[in-house]
Amino acid sequence: MTSTRLYLSPPDVGPEERALLLEAFDSNWIAPVGPHVDAFETELAEAVGVPYAVALSSGTAALHLALAVLGVGKGDDVVTSTLTFAATANAVTYVGARPVFVDVSADTWTLDADLLNEELRRRSKKGRQAAAVMAVDLYGQCADYSRIAATCAHYGVPLVEDAAEALGASYGRRSAGAFGRCAAFSFNGNKIITTGGGGMLVSQDRAIVDRVRHLATQARDPAPHYQHTSIGYNYRLSNLLAAVGRGQLRKLRSKIAARRRNNERYRTLLGDCAGIQFLEEADYGRSNCWLTCMTVTPGVFGASREDIRLALEKHDIESRPLWKPMHLQPVYQHCRILGGAVAEDLFDRGLCLPSGSAMTSAQVERIASIVIDTPCRSAATSGRALHA
Ligand SMILES: Cc1ncc(COP(=O)(O)O)c(C=O)c1O
């Protein structure tokens, strides 16, 4: 990327990753196996504080295989947050199950633990329990795991953690990815660390990770010829990309620090603007501040989030509305939704600001000043009198 456009969350790679990539290339381990894949799995598991990990081609593949190994299939229901990226719900669809969407808490924007409890209790009474719950650690902040895990344990429903956006975040003393039966991370180009494209499934349970590794490698049985007793997938991560991932992982702490600094700067510069509110860090943990997100109340601020997005766009700066809730998506609007008003309001008023780990303070200041000026510009362009 050589343009001057300021992206929402661009890759931030350097000479270390380049050297590792070339070393992998020169070693001729150019395959979805090799020493960097093994080392990346060990190092990521260690960073998360879990014993087992398997490197995969994407976070979506990790979510898909998480559900597959838990035996979720045709006719099953999986309860998940409506405020997420489509990949969470799509993984449910891939295994033939149906997503059941639950609203988010207004404080953390993650799965509402009270509504989850209500849904599992209702299902328990009807004798039609969900096959799994997928909680999402949104924008780098963990869901409320002590409550969610207790509810899942009470009703005997396995919990899967979609930690795609939350590598390095924590809940209490534990890291994102350490909750539930297994968890998925993403190393897509916009994530806090990237391999260009890639993912990882982590678990405390060796049998789960062994089975995922098997399924991700075309489910080859241990025979000299090609023999298959299950339907497998071609989902492993290339050794070349794992080399890049190892270089990125070494810098995870500094990348989190940079994103947290961006977040603090935005708050300092915009926090006093009436009608602008930032996603607060929950008192139960520490966010990796993957993206800095805010909501805008147009009647108070004097401009909408869309006015701000367009004003930034005019300066070649990318910002994005928050995730469009899954229950509003054409492909999922037939699915059951519990609540939904919180996620709908967040979608109407929420905006993700540029948050890359290589951003300078001058860039954050420039963005903040465009945001602050937006009400005047919107009034001017719509012909409203400024001092009416
Ligand atoms: C919440 C969430 N889940 C899943 C994914 C899917 O990860 P990937 O793009 O690596 O398939 C992403 C991001 O892309 C995400 O943000």
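A short tour of the structure in this document, coming up. Note that the coordinates shown come from a computational prediction; the quantities given were computed from them, not determined experimentally.

**A closer look at the overall build of the protein chain**
- Looking only at helices and strands, one finds 13 helices and 15 strands in the protein chain.
- A compact globule built from 388 residues would reach a C-alpha radius of gyration of about 21 Å, and the protein chain, at 22 Å, matches this within 12%.
- Dimensions along the principal axes, computed over C-alpha positions, put the protein chain at roughly 80 × 60 × 35 Å.
- Among the 388 residues that make up the protein chain, the fraction classed as buried is 55%.
- At a minimum sequence separation of 6, the contacts of the protein chain that also span at least 24 residues come to 71%.
- Accessible surface computed for the protein chain: about 16700 Å², of which carbon and sulfur atoms make up 53%.

**Let's talk about the sheet that holds strand 8 (residues 182–186)**
- Strand order in this open sheet of 8 strands is 1-9-8-5-4-2-3-14, and the pairing throughout is mixed. Single-partner strands in this sheet number two, and they are strand 1 (52–56) and strand 14 (337–338).
- Across the sheet, helix 3 (residues 59–69) is in contact with strand 1, strand 4 (132–136), strand 5 (159–162), strand 8 and strand 9 (199–203); its angle to strand 8 comes to roughly 165°.
- Seen against the sheet, helix 4 (residues 86–94) touches strand 2 (77–81), strand 3 (98–102), strand 4 and strand 5 and runs at an angle of roughly 145° to strand 3.

**Details of the site of the ligand**
- For the ligand, the set of nearby residues contains 17 residues, the closest of which are Thr60, Asp162, Glu165, Ser186 and Lys191.
- Here an oxygen atom of the ligand and a backbone polar atom of Gly59 are 2.8 Å apart.
- A distance of 2.7 Å is found between an oxygen atom of the ligand and a side-chain nitrogen or oxygen belonging to Ser186.
- Summarising the interface, the protein chains cover 93% of the accessible area of the ligand, which totals 380 Å² for the free molecule.

**Structural notes on the pairing of strand 4**
- Counting buried positions along strand 4 yields 5 of 5 residues, so the element is predominantly enclosed.
- Going residue by residue along strand 4, you find Ala132, Met134 and Val136 tucked away on one face and Val133 and Ala135 tucked away on the opposite face as well.
- Pairing of strand 2 with strand 4 involves 3 bridges; the strand directions are parallel. Across the sheet, Val78 pairs through a bridge with Ala132, a residue of strand 4.
- Note that the unit made of strand 4, helix 6 (residues 145–155) and strand 5 has a crossover that is right-handed.

**Some details on unusual backbone geometry**
- With a phi angle near 70°, Asn28 is a residue other than glycine that sits in the positive phi range.
- Tracing the backbone shows Asn28 in the loop between helix 1 (15–27) and helix 2 (35–48).
- The backbone phi angle of Tyr139 is positive, close to 55°, even though this residue is not glycine.
- Checked against the element boundaries, Tyr139 lands in the loop between strand 4 and helix 6.

About the criteria used
Residues numbered from 1 in each chain as written. Predicted model: local features only at pLDDT ≥ 70, side-chain atom pairs only at ≥ 80, totals over all residues. Heavy atoms only, no water. Helix = DSSP H or I, 4+ residues; strand = E, 2+ residues; numbered from the N terminus. Rg over C-alpha atoms; globule rule 2.2 N^0.38 Å. Buried < 20%, exposed > 50% of the residue type's maximum accessible area, 1.4 Å probe, protein only. Contact = heavy atoms within 4.5 Å. Areas by Shrake-Rupley, 256 points an atom, 1.4 Å probe, with all protein chains shown as cover. Pairing = 2+ DSSP bridges. Axes fitted to C-alpha atoms, helices over the stretch in contact; angles between N-to-C directions. Near = heavy atom within 4 Å. Polar contact = N/O pair within 3.5 Å; in protein donor to acceptor, adjacent residues only side chain to side chain. Right-handed = clockwise from strand over helix to strand, strands pointing away.

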